[in-house]
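# What the coordinates show
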Amino acid sequence: QLQLVESGGDLVQAGGSLRLSCVVSGDTLDYYSVAWFRQAPGKERGGIVWLSASGQYTHYRESVKGRFTVVRDNAKRTVYLHMDRLNSGDTAMYYCAALNVGYLSDYLPREDEFDHWGQGTRVTVSS
């Protein structure tokens, strides 16, 4: 059973940067498409970044495009989310998610298809 553990959340000033990590255990990461979601206080959880199993395809929500970068290191079984120029709108609990896509290595799943989730890590941006 795949398990995901996020870390790296912190309190940071607006304009600062953070790097979140999602460490995977229980299986190799090679056949999994991954994504980062976030849930701000009082709002629903939503996806912000998707990365295909092949690593060739990404999709970024418009609100984070150009500021956030997702990177996967299959050897380390880790997915990173680099976040730059943070603002108060980025304050949220951040979750990583994964879906085994088999040989569909370029597939980016819908939000409701992800079936493995971490427990989340909290990011707070002070203005």
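A brief report on the enclosed structure follows. Everything numeric in this text was worked out from a predicted model, so none of it was measured. (Residues numbered from 1 in each chain as written. Predicted model: local features only at pLDDT ≥ 70, side-chain atom pairs only at ≥ 80, totals over all residues. Heavy atoms only, no water.)

This paragraph deals with the state of the cysteines. If you walk through the whole model with that rule in mind, you get 1 disulfide. Here C22 connects covalently by a disulfide to C96, the sulfurs 2.0 Å from one another. Here C22 and C96 share a disulfide; its torsion about the S-S bond, 60 degrees, makes the bridge right-handed. Residue C22 is found in strand β3 (residues 18-25), and its partner C96 is found in strand β9 (residues 92-100); the two are separated by 74 residues along the sequence. Residues C22 and C96 agree in their burial class; the two are buried. (Disulfide = S-S within 2.5 Å. Helix = DSSP H or I, 4+ residues; strand = E, 2+ residues; numbered from the N terminus. Buried < 20%, exposed > 50% of the residue type's maximum accessible area, 1.4 Å probe, protein only.)

When you line up the elements, R38 lands in strand β4 (residues 32-39). The buried category is assigned to R38, whose relative accessible area is 13%. One polar contact links R38 to D90, side chain to side chain, over a distance of 2.8 Å. Other than its neighbours up to four places away in sequence, R38 contacts E44, R45, G46, I48, S63, V64, F68, G89, D90, A92, M93 and Y94. (Polar contact = N/O pair within 3.5 Å; in protein donor to acceptor, adjacent residues only side chain to side chain. Contact = heavy atoms within 4.5 Å.)

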